[in-house]
Amino acid sequence: MNVRIIIAVGALALAYGCAEDPPTIHEGETRVELTVVGDTSVYDTTTSTPVPLAGAEFTFASEYGKQFYVADENGRVVIDGLPSSFYNVAARARHPEFEFILLAGNLNDAPIISGSTLIDTIEARQIANTGVEIHEIYAGGPDNNFFYFYDQFIELYNYSGETKYLDGWIVYRVSGNRDEGGPGFDAGADDDIDGAIYIFKFPGEPGEKNIPFPPDSYVVLAQDAVDHRNSISTSIDLTNADWEFYNQYSSTDIDNPNVPNLSNLRSEKTVDFMINLVSDVIVVSNGEDAVWEDGIDIETIVDALEYQSKTYLLKTLDPRVDRSFALSPPKYTGQSMQRTEPGNDTNDGLLDWEQIPFPTPGYHK
Ligand SMILES: [Ca+2]
Ligand SMILES: [Ca+2]
Ligand SMILES: [Ca+2]
Ligand SMILES: [Ca+2]
(Lines give C-alpha, C1' and ligand atoms only; values in the text may rest on other atoms or scores of the structure.)
(Ligands and ions follow the chains in the order given, each with its own letter.)
Protein backbone atom coordinates (compact mmCIF):
# COMPACT_ATOMS: atom_id res chain seq x y z
CA MET A 1 0.00 0.00 0.00
CA ASN A 2 2.69 2.47 1.07
CA VAL A 3 4.89 1.40 -1.80
CA ARG A 4 2.07 2.07 -4.23
CA ILE A 5 1.53 5.56 -2.78
CA ILE A 6 5.23 6.36 -3.10
CA ILE A 7 5.20 5.20 -6.72
CA ALA A 8 2.10 7.24 -7.39
CA VAL A 9 3.63 10.34 -5.84
CA GLY A 10 6.81 9.70 -7.82
CA ALA A 11 4.86 9.45 -11.05
CA LEU A 12 3.00 12.62 -10.13
CA ALA A 13 6.28 14.45 -9.51
CA LEU A 14 7.60 13.21 -12.84
CA ALA A 15 4.45 14.39 -14.60
CA TYR A 16 4.70 17.79 -12.97
CA GLY A 17 8.41 17.86 -13.85
CA CYS A 18 7.46 17.78 -17.52
CA ALA A 19 4.89 20.55 -17.14
CA GLU A 20 5.79 24.09 -18.09
CA ASP A 21 4.85 25.63 -14.76
CA PRO A 22 5.31 23.01 -12.08
CA PRO A 23 3.57 23.83 -8.81
CA THR A 24 5.89 24.18 -5.86
CA ILE A 25 3.67 22.01 -3.63
CA HIS A 26 2.14 18.87 -5.03
CA GLU A 27 -1.45 18.21 -4.11
CA GLY A 28 -1.69 14.99 -2.12
CA GLU A 29 1.74 15.15 -0.45
CA THR A 30 0.20 15.16 2.99
CA ARG A 31 1.16 13.23 6.07
CA VAL A 32 -0.87 12.61 9.22
CA GLU A 33 0.40 11.13 12.46
CA LEU A 34 -2.39 10.93 15.02
CA THR A 35 -2.56 9.20 18.36
CA VAL A 36 -5.69 8.63 20.42
CA VAL A 37 -5.54 8.31 24.19
CA GLY A 38 -8.31 7.97 26.74
CA ASP A 39 -8.91 7.71 30.45
CA THR A 40 -10.11 4.15 31.01
CA SER A 41 -10.57 4.36 34.79
CA VAL A 42 -14.16 3.71 35.85
CA TYR A 43 -14.45 3.20 39.58
CA ASP A 44 -11.68 5.54 40.62
CA THR A 45 -12.09 8.71 38.64
CA THR A 46 -9.97 10.87 40.93
CA THR A 47 -6.86 10.07 38.92
CA SER A 48 -6.98 10.71 35.22
CA THR A 49 -4.29 8.82 33.34
CA PRO A 50 -4.93 8.67 29.60
CA VAL A 51 -3.55 5.57 27.93
CA PRO A 52 -3.15 4.84 24.19
CA LEU A 53 -6.23 3.18 22.74
CA ALA A 54 -5.05 0.22 20.67
CA GLY A 55 -7.21 -0.64 17.67
CA ALA A 56 -9.19 2.59 17.82
CA GLU A 57 -11.24 3.41 14.73
CA PHE A 58 -10.54 6.72 13.03
CA THR A 59 -12.89 8.53 10.67
CA PHE A 60 -11.59 11.39 8.54
CA ALA A 61 -14.37 13.54 7.05
CA SER A 62 -13.91 16.33 4.56
CA GLU A 63 -15.42 17.66 1.37
CA TYR A 64 -14.04 14.50 -0.26
CA GLY A 65 -16.18 12.24 1.92
CA LYS A 66 -15.20 9.90 4.74
CA GLN A 67 -12.20 7.64 5.13
CA PHE A 68 -11.66 5.01 7.82
CA TYR A 69 -8.48 3.77 9.51
CA VAL A 70 -7.60 1.55 12.47
CA ALA A 71 -4.96 2.49 15.02
CA ASP A 72 -2.00 0.23 15.86
CA GLU A 73 -1.24 -1.13 19.34
CA ASN A 74 -0.01 2.31 20.33
CA GLY A 75 -3.25 4.01 19.38
CA ARG A 76 -1.56 5.56 16.37
CA VAL A 77 -2.33 5.99 12.69
CA VAL A 78 0.11 7.24 10.08
CA ILE A 79 -1.50 8.19 6.77
CA ASP A 80 0.10 9.56 3.64
CA GLY A 81 -1.58 11.13 0.65
CA LEU A 82 -4.93 12.38 1.92
CA PRO A 83 -6.20 15.21 -0.31
CA SER A 84 -5.50 18.66 1.17
CA SER A 85 -8.43 20.01 3.14
CA PHE A 86 -9.70 20.79 6.60
CA TYR A 87 -10.80 17.56 8.24
CA ASN A 88 -13.05 16.59 11.09
CA VAL A 89 -11.43 13.57 12.64
CA ALA A 90 -13.25 11.26 15.02
CA ALA A 91 -11.65 8.41 16.94
CA ARG A 92 -13.32 5.77 19.09
CA ALA A 93 -12.43 2.55 20.84
CA ARG A 94 -14.10 0.00 23.04
CA HIS A 95 -13.29 0.23 26.71
CA PRO A 96 -10.73 -2.54 27.40
CA GLU A 97 -12.78 -3.95 30.30
CA PHE A 98 -16.40 -2.93 29.78
CA GLU A 99 -18.10 -3.68 26.52
CA PHE A 100 -20.90 -1.21 27.22
CA ILE A 101 -18.49 1.70 27.47
CA LEU A 102 -16.95 3.41 24.50
CA LEU A 103 -14.24 6.03 24.37
CA ALA A 104 -14.53 8.68 21.70
CA GLY A 105 -12.76 11.89 20.80
CA ASN A 106 -12.57 14.45 18.04
CA LEU A 107 -10.24 16.76 16.23
CA ASN A 108 -12.23 19.38 14.34
CA ASP A 109 -11.14 21.57 11.44
CA ALA A 110 -7.70 19.96 11.35
CA PRO A 111 -5.63 21.36 8.46
CA ILE A 112 -4.16 18.53 6.42
CA ILE A 113 -2.18 20.43 3.86
CA SER A 114 0.12 19.23 1.12
CA GLY A 115 3.77 19.66 2.01
CA SER A 116 3.26 19.52 5.77
CA THR A 117 2.70 16.90 8.47
CA LEU A 118 -0.16 17.02 10.93
CA ILE A 119 0.94 15.56 14.28
CA ASP A 120 -1.57 15.55 17.08
CA THR A 121 -3.11 13.57 19.92
CA ILE A 122 -6.83 13.10 20.38
CA GLU A 123 -8.10 12.70 23.91
CA ALA A 124 -11.08 10.37 23.97
CA ARG A 125 -13.71 10.41 26.66
CA GLN A 126 -16.11 7.84 27.99
CA ILE A 127 -19.66 7.89 26.71
CA ALA A 128 -22.72 7.97 28.92
CA ASN A 129 -25.29 5.34 28.09
CA THR A 130 -28.90 6.55 28.41
CA GLY A 131 -30.64 3.70 26.58
CA VAL A 132 -32.72 5.86 24.23
CA GLU A 133 -31.44 7.61 21.16
CA ILE A 134 -32.73 9.94 18.50
CA HIS A 135 -32.58 7.46 15.64
CA GLU A 136 -33.79 9.40 12.62
CA ILE A 137 -34.53 13.03 11.80
CA TYR A 138 -36.45 13.70 8.64
CA ALA A 139 -36.25 17.46 8.21
CA GLY A 140 -35.68 18.37 4.57
CA GLY A 141 -39.10 17.81 3.09
CA PRO A 142 -40.23 15.66 0.18
CA ASP A 143 -39.18 16.19 -3.42
CA ASN A 144 -41.30 19.23 -4.30
CA ASN A 145 -41.26 22.80 -5.56
CA PHE A 146 -43.86 24.15 -3.14
CA PHE A 147 -41.70 24.59 -0.01
CA TYR A 148 -43.59 21.74 1.62
CA PHE A 149 -41.91 20.31 4.71
CA TYR A 150 -44.79 19.57 7.05
CA ASP A 151 -44.09 15.84 6.89
CA GLN A 152 -41.09 16.27 9.19
CA PHE A 153 -40.67 13.69 11.95
CA ILE A 154 -38.28 12.66 14.70
CA GLU A 155 -37.80 8.96 15.47
CA LEU A 156 -36.61 7.59 18.81
CA TYR A 157 -35.21 4.11 19.45
CA ASN A 158 -34.86 2.19 22.72
CA TYR A 159 -31.57 0.27 22.67
CA SER A 160 -31.38 -0.31 26.43
CA GLY A 161 -32.80 -3.82 26.62
CA GLU A 162 -35.47 -2.69 29.10
CA THR A 163 -38.75 -0.81 28.94
CA LYS A 164 -38.40 2.95 29.29
CA TYR A 165 -41.24 5.37 30.07
CA LEU A 166 -41.77 8.58 28.14
CA ASP A 167 -44.02 10.29 30.70
CA GLY A 168 -43.05 13.93 31.01
CA TRP A 169 -40.19 13.73 28.52
CA ILE A 170 -39.52 16.90 26.53
CA VAL A 171 -38.42 17.50 22.95
CA TYR A 172 -36.69 20.78 22.16
CA ARG A 173 -35.68 22.67 19.08
CA VAL A 174 -32.56 24.58 20.11
CA SER A 175 -31.79 27.32 17.63
CA GLY A 176 -31.47 30.39 19.84
CA ASN A 177 -28.64 31.70 22.02
CA ARG A 178 -26.91 33.16 18.96
CA ASP A 179 -24.95 35.74 20.95
CA GLU A 180 -23.56 33.50 23.67
CA GLY A 181 -21.80 30.67 21.93
CA GLY A 182 -24.62 29.54 19.68
CA PRO A 183 -27.45 27.00 19.90
CA GLY A 184 -26.76 24.25 22.43
CA PHE A 185 -23.72 25.97 23.91
CA ASP A 186 -23.49 25.99 27.71
CA ALA A 187 -23.64 29.76 28.16
CA GLY A 188 -22.46 30.71 31.64
CA ALA A 189 -20.70 27.35 32.07
CA ASP A 190 -23.39 26.24 34.53
CA ASP A 191 -23.91 22.72 33.17
CA ASP A 192 -27.00 23.45 31.15
CA ILE A 193 -27.27 24.11 27.44
CA ASP A 194 -29.03 27.19 26.20
CA GLY A 195 -31.10 28.36 23.26
CA ALA A 196 -34.29 26.28 23.38
CA ILE A 197 -36.92 27.81 21.09
CA TYR A 198 -39.66 25.19 20.87
CA ILE A 199 -40.45 23.02 23.87
CA PHE A 200 -43.00 20.24 23.42
CA LYS A 201 -43.76 17.75 26.18
CA PHE A 202 -45.19 14.26 26.46
CA PRO A 203 -48.16 13.98 28.83
CA GLY A 204 -47.57 13.24 32.49
CA GLU A 205 -44.60 13.76 34.74
CA PRO A 206 -41.14 12.16 34.86
CA GLY A 207 -41.19 8.96 36.88
CA GLU A 208 -44.75 8.05 35.97
CA LYS A 209 -45.21 4.87 33.98
CA ASN A 210 -48.15 5.40 31.66
CA ILE A 211 -46.24 5.60 28.36
CA PRO A 212 -44.14 2.46 28.00
CA PHE A 213 -41.38 2.42 25.40
CA PRO A 214 -40.43 -1.26 24.94
CA PRO A 215 -36.86 -2.32 24.20
CA ASP A 216 -35.80 -2.59 20.58
CA SER A 217 -38.74 -0.48 19.40
CA TYR A 218 -39.19 2.85 17.64
CA VAL A 219 -41.37 5.86 18.40
CA VAL A 220 -42.24 8.32 15.63
CA LEU A 221 -43.01 11.95 16.55
CA ALA A 222 -44.72 13.59 13.57
CA GLN A 223 -45.04 17.30 12.98
CA ASP A 224 -48.52 16.42 11.72
CA ALA A 225 -49.79 12.84 11.80
CA VAL A 226 -51.61 12.88 8.48
CA ASP A 227 -51.21 11.30 5.06
CA HIS A 228 -49.00 13.94 3.47
CA ARG A 229 -49.33 12.25 0.08
CA ASN A 230 -52.68 14.02 -0.16
CA SER A 231 -50.74 17.30 -0.36
CA ILE A 232 -47.55 16.19 -2.12
CA SER A 233 -47.55 12.91 -4.00
CA THR A 234 -43.87 12.27 -3.23
CA SER A 235 -44.42 12.65 0.52
CA ILE A 236 -45.24 10.02 3.16
CA ASP A 237 -48.13 8.73 5.20
CA LEU A 238 -47.73 9.63 8.87
CA THR A 239 -51.21 8.62 10.05
CA ASN A 240 -49.55 5.71 11.88
CA ALA A 241 -47.12 7.93 13.77
CA ASP A 242 -46.98 7.20 17.50
CA TRP A 243 -47.12 10.85 18.54
CA GLU A 244 -47.91 14.20 17.04
CA PHE A 245 -46.57 17.65 17.84
CA TYR A 246 -49.66 19.70 18.49
CA ASN A 247 -49.45 23.36 19.46
CA GLN A 248 -52.57 24.09 21.46
CA TYR A 249 -51.86 27.83 21.12
CA SER A 250 -52.03 27.67 17.32
CA SER A 251 -55.22 28.27 15.40
CA THR A 252 -54.05 26.30 12.37
CA ASP A 253 -52.14 23.27 13.66
CA ILE A 254 -53.58 19.92 12.64
CA ASP A 255 -54.68 17.50 15.38
CA ASN A 256 -55.27 13.91 14.32
CA PRO A 257 -57.55 12.69 17.14
CA ASN A 258 -56.25 9.14 16.77
CA VAL A 259 -52.66 10.11 17.52
CA PRO A 260 -51.74 11.43 20.99
CA ASN A 261 -50.03 14.79 21.29
CA LEU A 262 -46.90 16.37 22.60
CA SER A 263 -48.00 19.84 23.66
CA ASN A 264 -46.30 23.20 23.69
CA LEU A 265 -44.89 24.63 26.92
CA ARG A 266 -44.31 28.14 25.56
CA SER A 267 -47.62 29.94 25.14
CA GLU A 268 -46.03 32.82 23.21
CA LYS A 269 -44.97 30.38 20.47
CA THR A 270 -47.96 29.89 18.22
CA VAL A 271 -46.46 27.80 15.44
CA ASP A 272 -46.00 24.06 15.07
CA PHE A 273 -42.83 22.15 16.01
CA MET A 274 -41.06 22.97 12.78
CA ILE A 275 -37.34 22.36 12.51
CA ASN A 276 -34.82 23.77 10.09
CA LEU A 277 -34.56 21.76 6.89
CA VAL A 278 -30.78 21.46 6.86
CA SER A 279 -29.28 22.87 10.07
CA ASP A 280 -30.55 22.67 13.64
CA VAL A 281 -30.13 21.23 17.12
CA ILE A 282 -32.70 18.75 18.49
CA VAL A 283 -32.66 17.72 22.14
CA VAL A 284 -34.67 15.09 24.03
CA SER A 285 -34.69 15.25 27.83
CA ASN A 286 -36.31 13.18 30.55
CA GLY A 287 -38.19 16.27 31.69
CA GLU A 288 -36.67 16.38 35.17
CA ASP A 289 -35.45 19.90 34.56
CA ALA A 290 -38.83 21.62 34.41
CA VAL A 291 -37.39 25.15 34.26
CA TRP A 292 -36.29 25.52 30.69
CA GLU A 293 -35.83 29.30 30.76
CA ASP A 294 -32.36 29.07 32.33
CA GLY A 295 -31.21 26.25 30.06
CA ILE A 296 -31.59 22.45 29.90
CA ASP A 297 -29.62 20.63 32.60
CA ILE A 298 -27.14 18.39 30.83
CA GLU A 299 -27.72 15.51 33.23
CA THR A 300 -31.38 15.34 32.14
CA ILE A 301 -30.60 15.07 28.42
CA VAL A 302 -31.37 11.68 26.92
CA ASP A 303 -29.97 12.47 23.50
CA ALA A 304 -29.30 15.39 21.22
CA LEU A 305 -28.16 15.98 17.69
CA GLU A 306 -26.81 18.92 15.77
CA TYR A 307 -27.14 18.57 12.00
CA GLN A 308 -25.59 20.77 9.37
CA SER A 309 -25.26 20.88 5.62
CA LYS A 310 -21.46 21.37 5.47
CA THR A 311 -18.60 19.83 7.42
CA TYR A 312 -16.85 23.18 7.88
CA LEU A 313 -19.67 25.01 9.63
CA LEU A 314 -19.20 25.92 13.29
CA LYS A 315 -20.47 23.33 15.74
CA THR A 316 -22.15 24.86 18.79
CA LEU A 317 -23.81 21.99 20.70
CA ASP A 318 -21.99 21.23 23.95
CA PRO A 319 -19.51 18.36 23.41
CA ARG A 320 -20.76 16.56 26.52
CA VAL A 321 -24.04 16.11 24.67
CA ASP A 322 -22.67 15.33 21.23
CA ARG A 323 -19.13 15.80 20.06
CA SER A 324 -19.75 16.52 16.41
CA PHE A 325 -22.75 16.72 14.09
CA ALA A 326 -24.60 14.86 11.38
CA LEU A 327 -24.37 15.92 7.76
CA SER A 328 -27.83 16.73 6.46
CA PRO A 329 -29.03 15.86 2.97
CA PRO A 330 -30.12 18.70 0.64
CA LYS A 331 -33.57 20.07 1.32
CA TYR A 332 -36.59 19.10 -0.79
CA THR A 333 -35.03 15.86 -2.00
CA GLY A 334 -37.02 13.42 0.14
CA GLN A 335 -33.81 12.19 1.78
CA SER A 336 -33.45 11.64 5.49
CA MET A 337 -30.80 11.27 8.23
CA GLN A 338 -30.55 8.12 10.32
CA ARG A 339 -28.07 6.36 12.57
CA THR A 340 -25.95 3.82 10.74
CA GLU A 341 -27.21 1.08 13.09
CA PRO A 342 -29.87 0.94 15.79
CA GLY A 343 -28.13 1.58 19.11
CA ASN A 344 -25.07 3.11 17.54
CA ASP A 345 -24.91 6.09 19.89
CA THR A 346 -21.37 7.24 20.56
CA ASN A 347 -22.45 10.83 21.08
CA ASP A 348 -20.69 11.62 17.85
CA GLY A 349 -22.99 12.57 15.00
CA LEU A 350 -20.24 12.38 12.43
CA LEU A 351 -19.61 8.72 13.18
CA ASP A 352 -23.10 7.67 14.06
CA TRP A 353 -25.29 9.19 11.35
CA GLU A 354 -25.70 8.82 7.62
CA GLN A 355 -27.95 10.15 4.91
CA ILE A 356 -30.56 7.75 3.58
CA PRO A 357 -32.46 8.04 0.28
CA PHE A 358 -35.95 8.09 1.80
CA PRO A 359 -37.47 8.42 5.28
CA THR A 360 -38.12 5.26 7.30
CA PRO A 361 -40.66 6.17 10.01
CA GLY A 362 -40.85 3.42 12.63
CA TYR A 363 -38.10 1.17 11.27
CA HIS A 364 -34.45 1.04 10.31
CA LYS A 365 -33.60 1.08 6.56
CA1 LIG B 1 -25.77 27.33 30.59
CA1 LIG C 1 -48.59 19.63 14.39
CA1 LIG D 1 -53.29 14.40 17.81
CA1 LIG E 1 -36.16 5.08 10.73
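Look up a bit, the structure's there.
In this text, all values refer to a predicted model and were calculated from it rather than measured experimentally.

Quick notes on the overall build of the protein chain
Thinking step 1. From N to C terminus, the protein chain includes two helices and 24 strands.
Thinking step 2. Residues counted as buried form 52% of the 365 residues belonging to the protein chain.
Thinking step 3. Taking as baseline every contact in the protein chain between residues at least 6 positions apart, the subset at least 24 positions apart corresponds to 61%.
Thinking step 4. If you sum the accessible surface of the protein chain, you get close to 17100 Å²; carbon and sulfur atoms cover 52% of it.

Points about the coordination of the calcium ion (ligand 1)
Thinking step 1. Here the calcium ion (ligand 1) is held by Asp186 (OD), Ala187 (O), Asp190 (OD), Asp192 (O), Asp192 (OD) and Asp194 (OD), and the distances to it run 2.2 to 2.5 Å.
Thinking step 2. Because the angles between the six donor atoms bound to the calcium ion (ligand 1) fall within 63 to 165°, the donor set is best described as irregular.
Thinking step 3. Judged by relative accessible area, which is 14%, Asp194 ranks as buried.

Re the environment of Ile236
Thinking step 1. Residue placement: Ile236 occurs in the loop between strand S16 (218–222) and strand S17 (243–246).
Thinking step 2. Separated by 98 residues in the primary sequence, Ile236 and Gly334 have C-alpha atoms spaced 9.4 Å apart.
Thinking step 3. Apart from the residues lying within four places of it in its own chain, the contact partners of Ile236 are Tyr138, Asp151, Phe153, Val226, Asp227, His228, Arg229 and Pro359.

Topic: the coordination of the calcium ion (ligand 3)
Thinking step 1. Protein-derived coordination of the calcium ion (ligand 3) comes from Glu244 (OE), Asp255 (OD), Asn256 (O), Val259 (O) and Asn261 (OD1), at a distance range of 2.2 to 2.5 Å.
Thinking step 2. We note that the donor set of the calcium ion (ligand 3) lies within a single chain, spaced as E-x10-D-N-x2-V-x1-N. One end of the pair, Glu244, is in strand S17; the other, Val259, is in the loop between S17 and strand S18 (261–264), with 15 residues separating them in the sequence. Val259 shares its class with Glu244; the two are buried.

Some points on the sheet that holds strand S10 (residues 153–158)
Sheets are built from strands paired through backbone hydrogen bonds, the pairs being either parallel or antiparallel.
Thinking step 1. Pairing is mixed in the open sheet, where 12 strands are placed in the order S22-S21-S19-S12-S14-S18-S17-S16-S10-S9-S23-S24. Of all the strands in the sheet, just strand S22 (326–327) and strand S24 (353–356) have a single pairing partner and so form its edges.

Observations regarding the side chain of Asp167
Thinking step 1. With respect to the secondary-structure elements, Asp167 resides in the loop between strand S11 (164–165) and strand S12 (170–174).
Thinking step 2. For the buried Asp167, which has no salt bridge, the nearest side chain bearing the opposite charge is Lys201, at an N-O separation of 8.8 Å.
Thinking step 3. Among the polar contacts made by the side chain of Asp167, one reaches the main-chain amide nitrogen of Ile211 at a distance of 3.0 Å.
Thinking step 4. Apart from residues lying up to four places away in sequence, Asp167 is in contact with Pro203, Gly204, Glu205, Pro206, Glu208, Lys209, Asn210 and Ile211.

Structural notes on the nonpolar core
Soluble globular proteins tend to bury their nonpolar side chains together.
Thinking step 1. Counting residues in hydrophobic clusters, the biggest one holds 30 residues, and the most contacted among them are Ile137, Ile154, Leu156, Val171, Phe202, Leu221 and Tyr307.
Thinking step 2. Going through the elements one at a time, strand S9 (132–138), S10, strand S14 (196–201), S16, S17, strand S19 (280–285) and strand S21 (301–308) are the ones with two or more residues in this core.
Thinking step 3. Look past the residues within four positions of Ile137 in its chain and what remains in contact with it is Phe153, Ile275, Ile282, Leu305, Tyr307, Ser336, Met337 and Trp353.
Thinking step 4. Among the nonpolar cores identified, the runner-up in size contains 22 residues, and Leu34, Val77, Tyr87 and Leu107 belong to it.

Overview of the side chain of Thr35
Thinking step 1. Residue placement: Thr35 occurs in strand S1 (residues 31–38).
Thinking step 2. Overall, the relative accessible area of 18% leaves Thr35 in the buried class.

Points about the pairing of S16
Thinking step 1. In terms of residue burial, S16 counts as a mostly covered element, since five of its five residues are buried.
Thinking step 2. Here S16 runs beside S17; their pairing, made up of two bridges, is parallel. By the bridge assignment for S17, Leu221 is matched with Trp243.

Some words on unusual backbone geometry
Thinking step 1. Positioned with a positive phi, Phe147 is a non-glycine residue whose angle comes to about 60°.
Thinking step 2. Turning to its location among the elements, Phe147 is positioned in the loop between S9 and S10.
Thinking step 3. Take Phe147: its relative accessible area is 60%, and that puts it in the exposed class.
Thinking step 4. Of note, Asp216 is a non-glycine position whose phi angle comes to about 55°, a positive value.
Thinking step 5. Note that Asp216 resides in the loop between strand S15 (212–213) and S16.
Thinking step 6. On the accessibility criterion, Asp216 (56% relative accessible area) is exposed.

Considerations on the packing of aromatic side chains
Thinking step 1. Inspection of the entire model under this criterion finds 13 aromatic pairs.
Thinking step 2. For the ring pair Phe60 and Tyr69, a centre distance of 5.5 Å and an interplane angle of 90° mean the geometry is edge-to-face.
Thinking step 3. Relative accessible area serves as the criterion here: at 25%, Tyr69 is assigned to the partly exposed category.
Thinking step 4. Consider the rings of Phe200 and Phe273, whose centres lie 5.3 Å apart with planes at 80°: the pair is edge-to-face. Of the two residues, Phe200 is situated in strand S14 and Phe273 in the loop between S18 and S19; the sequence distance between them amounts to 73 residues. The pair Phe200 / Phe273 is uniform in exposure class, with both members buried.
Thinking step 5. Three or more aromatic residues joined by ring pairs make a cluster, and in this case those are Phe58, Phe60, Tyr69 and Tyr87.

Rules behind the numbers
Just so you know, the residues in each chain are numbered from 1, in the order the chain's sequence is written. Written order decides the labels, with chains lettered from A and ligands numbered from 1. Whole-chain, interface and lining totals are the exception, using all residues; otherwise, since this is a predicted model, local features are given only for residues with pLDDT of at least 70 and side-chain atom pairs are given and counted only at 80 or more. In computing side-chain properties, one takes all heavy atoms of the structure into account and sets aside hydrogens as well as water. Strands are runs of DSSP state E lasting at least two residues, helices are runs of H or I lasting at least four, and both sets are numbered from the N terminus onward. Buried, partly exposed and exposed residues are distinguished by accessible area as a fraction of the type maximum, computed with a 1.4 Å probe on protein chains only: under 20%, between the cut-offs, and over 50%, respectively. Should any heavy atoms of two residues lie within 4.5 Å, those residues are considered in contact. For every accessible area listed, the method is Shrake-Rupley and the probe measures 1.4 Å; residues are considered covered only by the protein chains on display. Metal coordination here is assigned from N, O and S atoms located within 2.8 Å of the ion, or within 3.2 Å for Na, K and Ca; omission of water means that sites may look incomplete. Between 85 and 135 degrees for all angles marks four donors as tetrahedral; over 155 degrees for opposite donors together with 65 to 115 for all other angles marks four donors as square planar and six as octahedral; every other arrangement is irregular. Strand pairing is defined by DSSP finding a minimum of two bridges between the two strands. In this tally Asp and Glu are treated as negative and Lys and Arg as positive; neither His nor the chain ends contributes. Take a side-chain nitrogen of Lys or Arg and a carboxyl oxygen of Asp or Glu: if they are within 4 Å of each other, that pair is a salt bridge. Whenever a nitrogen or oxygen atom comes within 3.5 Å of another N or O atom, the pair is scored as a polar contact, on the condition that within protein one atom can donate a hydrogen and the other can accept it, and that pairs from neighbouring residues in sequence are kept only if both atoms are in side chains. The nonpolar core is taken to be a set of buried Ala, Val, Leu, Ile, Met, Phe, Trp, Tyr and Cys residues, with the residues joined through side-chain atoms within 4.5 Å. A pair of aromatic rings is counted whenever rings of Phe, Tyr or Trp (Trp by its six-membered ring) have centres within 6.5 Å, and the orientation is called stacked for planes under 30 degrees apart, edge-to-face for over 60 and tilted otherwise.

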